[in-house]
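Listed here are the chains, written in short residue letters.
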Amino acid sequence: MPTSSASTTDSARSASGGVQSLERAFDLLERMADAGGEVGLSELSASSGLPLPTIHRLMRTLVACGYVRQQANRRYALGPRLIRLGESASRLLGTWARPYLARLVEETGETANMALLDGDEIVYVAQVPSKHSMRMFTEVGRRVLPHSTGVGKALLAEVPDEEVRALLGRTGMPAATDRTITTADGFLTALAEVRRLGYAVDDNEQEVGVRCLAVSVPDSPTAAAISISGPAGRVTESATDRIVPVLQQVATELSQALTAQNQG
């Protein structure tokens, strides 16, 4: 007679009522993403606390499904099948965000954006344009490096400094304009200011003549930020005092909506 039971297999229910093997698999995928997308089994075992045989079994299943691939050096990398899921999720997230961005446009008069931190890059997932004839436009799906953007600063302000340094080391810090921050120390100083003020500024750093204000979306299921962007002549210091509270309020309301969707 078999001695195993449902409570001792990977398909057992977890304490939260879910399927344990699924929870473990998704946890491993998130740990891989946090590590830059490529890890070894021993690293996963050390960070997750799971035994190597369990991790090997889960990774073998993820490889077979296309969500993970094994490199020639025997390390594991996130697989291409995740791209379709991520793109679909980003589009849906952008759809949910559009009414909130539209409200930002109504109340500030400037173009409103939503962006995510995807690996080492910022990706724009939604935008509602300003009604002004002179307005900013960023193509949805566009990817940029975070060091020259307001949304990048807002998102990285919540990341430990040593992780930010590692990211900047991987991406480099090319200058988009003569105002772009191009040193890690300078950028970390800017992030400290973001934490102090509660919002981030891109002051002609990504594009000459353009100023952006950004805040992170608190408690978002995935790291997200919203921003407004407009000509520097309109997004002035005095306009900042008026716009930032609106940004923060809309970010809070968007967070509540996303959390409700996530729980639903």
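Residues numbered from 1 in each chain as written. Predicted model: local features only at pLDDT ≥ 70, side-chain atom pairs only at ≥ 80, totals over all residues. Heavy atoms only, no water.

Asker: Describe the packing of helix H1 (residues 20-34) against helix H2 (residues 41-48), naming the residues involved and giving the relevant values.
Answerer: Running from N to C, H1 and H2 point in directions that differ by 110°, and their axes come no closer than 11 Å. Taken as axis vectors, H1 and H2 run roughly perpendicular relative to one another. Residues Asp27, Leu28, Arg31 and Met32 of H1 form the contact with H2, whose participating residues are Leu44, Ser47 and Ser48. Its residues assigned to classes, the contact of H1 with H2 shows three nonpolar, two polar and two charged. (Axes fitted to C-alpha atoms, helices over the stretch in contact; angles between N-to-C directions. Helix = DSSP H or I, 4+ residues; strand = E, 2+ residues; numbered from the N terminus. Parallel < 35°, antiparallel > 145°, perpendicular 65-115°, else oblique. Contact = heavy atoms within 4.5 Å. Nonpolar A, V, L, I, M, F, W, Y, C, P; charged D, E, K, R; others polar.)

Asker: Quick one: what's the story with the nonpolar core, residue by residue and with numbers?
Answerer: Counting residues in each nonpolar core, the largest one holds 29 residues, and the members touching the most others are Leu101, Leu104, Met114, Leu213, Ile226 and Leu247. Listing elements by their share of this core, those giving two or more residues are helix H4 (81-108), strand E4 (111-118), strand E5 (121-128), strand E8 (210-216), strand E9 (224-231) and helix H8 (237-263). In terms of residue count, the dominant contributor to this core is H8 (nine residues). By size, the runner-up hydrophobic cluster in this structure holds 23 residues, among which are Leu168, Phe187, Leu188 and Ala214. (Core = buried A, V, L, I, M, F, W, Y, C linked by side-chain atoms within 4.5 Å. Buried < 20%, exposed > 50% of the residue type's maximum accessible area, 1.4 Å probe, protein only.)

Asker: Explain the sheet that holds strand E1 (residues 38-39) to me, using residue names and the numbers behind them.
Answerer: Strands sit in the order E1-E3-E2 across an open sheet of three strands; the sheet is antiparallel. Whereas interior strands pair on both sides, the edge strands pair on one side only; in this sheet they are E1 and strand E2 (68-70). Bridge count between E1 and strand E3 (residues 76-78): two bridges; the pairing is antiparallel. Considered in E3, the bridge of valine 39 is made with tyrosine 76. Along the sheet, helix H3 (residues 52-65) contacts E2 and E3; its crossing angle with E2, the most-contacted strand, is approximately 105°. (Pairing = 2+ DSSP bridges.)

Asker: Give me the lowdown on the pairing of E5, citing residues and values where you can.
Answerer: Walk down a regular strand and you will see the side chains alternate between the two sheet faces. Where burial is concerned, most of E5 is hidden: seven out of the eight residues are buried. Pairing of E4 with E5 involves seven bridges; the strand directions are antiparallel. Bridged to leucine 117 within E5 is isoleucine 122. In sequence, E4 turns back onto E5 through a hairpin of two residues, with glycine 119 there showing a positive phi of about 65°. Sheet analysis places E5 next to strand E6 (residues 143-144), joined by two bridges and oriented antiparallel.

Asker: So what about the pattern of salt bridges? Which residues, and what values?
Answerer: Once the charged atoms of two side chains with opposite charge are near each other, the side chains can pair. Throughout the structure, instances matching the rule amount to 17 salt bridges. Taking the shortest distance from any N to any O, the salt bridge between arginine 103 and glutamate 107 comes out at 2.9 Å. Of this pair, arginine 103 and glutamate 107 both sit in helix H4, four residues apart, which is roughly one turn of that helix. You can call glutamate 107 partly exposed: its relative accessible area is 39%. Two residues, arginine 195 and aspartate 161, come together in a salt bridge whose shortest N-O distance is 3.8 Å. Here the residue arginine 195 occupies a position in helix H7 (residues 184-197), and aspartate 161 occupies one in helix H6 (residues 161-171), the gap between them amounting to 34 residues. (Salt bridge = Lys/Arg side-chain N within 4 Å of Asp/Glu carboxyl O.)

Asker: Residues and numbers for the side chain of serine 229, please.
Answerer: Position of serine 229 among the secondary structure elements: in strand E9. For serine 229, a relative accessible area of 4% gives the class buried. Of note is the side chain of serine 229, whose polar atom sits 3.4 Å from the side chain of asparagine 113. When neighbours within four sequence positions are excluded, serine 229 is seen to be in contact with Glu110, Thr111, Asn113, Met136, Val210, Arg211 and Cys212. (Polar contact = N/O pair within 3.5 Å; in protein donor to acceptor, adjacent residues only side chain to side chain.)

Asker: So, the confidence of the model for the protein chain: which residues are in play, and what are the values?
Answerer: Summarising the model, the protein chain shows a mean pLDDT of 86, and 88% of its residues fall at 70 or more. Across the protein chain, the secondary-structure element scoring lowest on mean pLDDT is H4, at 80, and the one scoring highest is H7, at 97. Scored below 50 in pLDDT, residues 1-11 makes twelve contacts in the model with residues more than four places away or belonging to other chains. (pLDDT = per-residue confidence, 0-100.)

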